[in-house]
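# Observations on chain architecture
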Amino acid sequence: MTARLFRIDPAMPPEAYKTWSMVSPVETHMRQATCEEVGCDHYTQGWRVHLEALTPDLQHAARTSGRAYTEQHAAPGQTYLVFEPGQPCFKAATHRAPIGRPPLFLVRDGDYRGNPRRTPTRRYDRPDQWVDDFATHQDKLATEIRKG
């Protein structure tokens, strides 16, 4: 089942919005990690691969990967390679773990549709500066609303 995103269309153009975000980019805030470090389900519980669903080159790669497995024949066309727990999964190279660097505190003009004015993103070094920027903006909005 595919998740559906329900979004209410904004009442104003993107240049009427500001976006505050805390981000931790993979490139600067993460490192490659092992299956064990990230609690990979395949590592802790083992996994199985439907052999007939793989191309011949992937079948060969799975069988010669150096990982321990047993072959399980469930029915014609239903053969599985069952890999035991405690060994790296086939996606181990994609596992990432945080390096402990604090997130980036950013404020940019626009919303999810973009920044039409192309104003530079503001970056704060400390979270209190970022929160203060947000509070100041909220105060400006509340003042305008009170004016009518």
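Structural data are supplied above this passage.
The text that follows walks through the structure, step by step, so that each part is easy to find. (Residues numbered from 1 in each chain as written. Predicted model: local features only at pLDDT ≥ 70, side-chain atom pairs only at ≥ 80, totals over all residues. Heavy atoms only, no water.)

## Focus: the pattern of salt bridges
Basically, it comes down to this: By definition here, a salt bridge exists when the distance from a side-chain nitrogen of Lys or Arg to a carboxyl oxygen of Asp or Glu is within 4 Å. Secondary structure elements are taken from DSSP: a helix is a run of H or I of four residues or more, a strand is a run of E of two residues or more, and numbering for both begins at the N terminus. Partly exposed describes any residue whose relative accessible area lies between the buried limit of under 20% and the exposed limit of over 50%, with all areas from a 1.4 Å probe on protein chains only and scaled to the type maximum.
For the structure shown, the criterion picks out seven salt bridges. A salt bridge links lysine 147 to glutamate 144, with the shortest nitrogen-to-oxygen separation between them at 3.3 Å. One end of the pair, lysine 147, and the other, glutamate 144, are both in helix α5 (residues 127–147), three residues apart, so they sit about a helical turn from each other. Take lysine 147: its relative accessible area is 62%, and that puts it in the exposed class.

## Some words on unusual backbone geometry
Residues other than glycine seldom take positive phi values, yet arginine 118 does so here, at roughly 55°. Following the sequence through the fold, arginine 118 ends up in the loop between β7 (104–109) and β8 (122–124).

## Thoughts on the packing of aromatic side chains
So the rule is basically this: The aromatic pairing rule takes the rings of Phe, Tyr and Trp, using the six-membered ring of Trp, and pairs them if the centres are within 6.5 Å, calling planes under 30 degrees apart stacked, those over 60 edge-to-face and the rest tilted.
Going through the model one piece at a time under the given rule, you end up with six aromatic pairs. Seen from their ring centres, tryptophan 20 and phenylalanine 134 are 4.9 Å apart, and the 90° between their planes marks the pair as edge-to-face. Here tryptophan 20, found in strand β1 (residues 18–23), pairs with phenylalanine 134, found in helix α5; they are 114 residues apart in sequence, far enough to count as distant. For tryptophan 20, a relative accessible area of 18% puts it in the buried group.

## Re the nonpolar core
As a reminder of what qualifies: In this description, a nonpolar core means a group of buried Ala, Val, Leu, Ile, Met, Phe, Trp, Tyr and Cys residues linked to one another through side-chain atoms lying within 4.5 Å.
Judged by nonpolar contacts, Cys35, Cys40, Tyr43, Trp47, Val49, Leu51, Ala62, Leu81, Phe83, Cys89 and Ala92 together constitute the single largest core of eleven residues. Counting only elements with at least two residues in this core, the list comes to β3 (47–50) and β5 (78–83). Core analysis: the next-biggest nonpolar cluster, separate from the first, contains five residues, Trp20, Val107, Tyr124 and Trp130 among them.

## Topic: the sheet that holds β3
Using the following cut-off: We call two strands paired when DSSP finds no fewer than two bridges between them. Fitted lines through C-alpha atoms serve as axes, helices being fitted only where they are in contact, and the angles separating the N-to-C directions of these axes extend from 0 to 180 degrees.
With antiparallel pairing, the three strands of this open sheet are ordered in space as β3-β5-β4. In the strand order of this sheet, the two ends are held by β3 and β4 (69–75), each with one partner. Across the sheet, the mean angle separating the axes of adjacent strands is 30° when strand polarity is ignored. Inspection of the sheet shows β3 paired to β5 by four bridges, in the antiparallel sense. From the neighbouring strand, valine 49 faces β5, where its bridge partner is leucine 81.

## So, the side chain of aspartate 109
Using the following cut-off: A 3.5 Å cut-off defines polar contacts: any pair of N or O atoms within that distance qualifies, except that in protein one atom must be a possible hydrogen donor and the other a possible acceptor, and neighbouring residues in sequence count only when both atoms are side-chain atoms. In this analysis, two residues are considered to be in contact whenever any of their non-hydrogen atoms come within 4.5 Å of each other.
Within the secondary structure, aspartate 109 sits in strand β7. The buried category is assigned to aspartate 109, whose relative accessible area is 13%. Within the structure, the side chain of aspartate 109 is placed 2.7 Å from the side chain of threonine 119, a separation counted as a polar contact. For aspartate 109, the side chain forms a polar contact with the side chain of arginine 122, separated by 3.4 Å. Beyond its immediate chain neighbours, meaning those up to four positions away, aspartate 109 contacts Tyr17, Lys18, Gly114, Asn115, Arg117, Thr119 and Arg122.

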